[in-house]
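# Architecture at a glance
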Amino acid sequence: MKNFVQFLVLVVLFSFAGSKLYAHCEVPCGIYDDKLRIQIIEEHITTIEKAMNQIKELQEADEINYNQLVRWINTKEYHAKEIQHIADQYFMTQRIKPAEQGDEEAYDKYISQLTLMHELLIYSMKSKQTLEQQWIDKMRETVDKFELAYFGKPIEMIEEHTH
């Protein structure tokens, strides 16, 4: 019996060892801070932009520091992936609510929000593939449009987070 309990404990421990924990993992806890998520996306965009600039600078050097180059590429990839995670797992899965086509205003808002999050996913992917500033600009523009479509106003005008 003692061996069985030890085995069971090990199985449970190993099953959790390989899993990652994410905030708001689709558990209906009711704790949401939509404004914060937008601010985090904006921070990721700024980090991607900085990484792009650092990569360009490192590539133009007389002697390329490949270690730093790889680190900045990985940073750019990581932050683009984080934007995709927030757009997909947070907003599209949990926060953007489907609307009936019969309710034209609600449906238009729904389609607008989905479209903007889809665009953000694409631009984030493009920022992984290139060093072009246009993807940074498009991500920022899309986030601004999403703020208006989602909150009805820029987040600077929102006093408290949304639950």
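## Some remarks on the packing of helix α4 (residues 104-129) against helix α5 (residues 133-151)
Look at α4 against α5: their axes get within 9 Å of each other, and the N-to-C directions meet at 160°. Of the possible angle classes, the one that applies to α4 and α5 is roughly antiparallel. Considering how the two elements wind past one another, α4 and α5 form a crossing that is left-handed. Note on element contacts: α5 touches α4 through W135, K138, M139, T142, V143, K145, F146, A149 and Y150, opposite K109, S112, Q113, L116, M117, E119, L120, Y123, S124, K126 and S127. Residue composition of the contact of α4 with α5, by class: 10 nonpolar, 5 polar and 5 charged.

## Points about the pattern of salt bridges
Enumeration according to the criterion identifies 3 salt bridges in this entry. A salt bridge links R140 to E49; its shortest N-O distance comes to 2.9 Å. In this pair, R140 sits in helix α5 while E49 sits in helix α2 (residues 34-60), placing the two residues 91 residues apart along the sequence. Overall, the relative accessible area of 29% leaves R140 in the partly exposed class. We note a salt bridge from K145 to E141, for which the minimum N-O separation is 3.2 Å. Placement of the pair is K145 and E141 together in helix α5, with a separation of 4 residues, close to one helical turn. Taking the relative accessible area as the measure of exposure, K145 reaches 42% and is therefore partly exposed. Its relative accessible area of 44% is what places E141 among the partly exposed residues.

## So, the side chain of S127
Structurally, S127 can be placed in helix α4. Relative accessible area serves as the criterion here: at 0%, S127 is assigned to the buried category. Polar side-chain contacts of S127 include one of 2.7 Å to the backbone oxygen of S124. Apart from residues no more than four positions distant in its own chain, S127 is found in contact with I48, M52, K76, A80, W135 and M139.

## Quick notes on the environment of A149
Along the chain, A149 turns up in helix α5. With a relative accessible area of 16%, A149 lands in the buried category. Setting aside residues up to four positions removed in sequence, A149 forms contacts with K109, S112, Q113 and L116.

What counts and how
- Residues numbered from 1 in each chain as written.
- Predicted model: local features only at pLDDT ≥ 70, side-chain atom pairs only at ≥ 80, totals over all residues.
- Heavy atoms only, no water.
- Axes fitted to C-alpha atoms, helices over the stretch in contact; angles between N-to-C directions.
- Helix = DSSP H or I, 4+ residues; strand = E, 2+ residues; numbered from the N terminus.
- Parallel < 35°, antiparallel > 145°, perpendicular 65-115°, else oblique.
- Left-handed = near helix turned anticlockwise from the far one by under 90°.
- Contact = heavy atoms within 4.5 Å.
- Nonpolar A, V, L, I, M, F, W, Y, C, P; charged D, E, K, R; others polar.
- Salt bridge = Lys/Arg side-chain N within 4 Å of Asp/Glu carboxyl O.
- Buried < 20%, exposed > 50% of the residue type's maximum accessible area, 1.4 Å probe, protein only.
- Polar contact = N/O pair within 3.5 Å; in protein donor to acceptor, adjacent residues only side chain to side chain.

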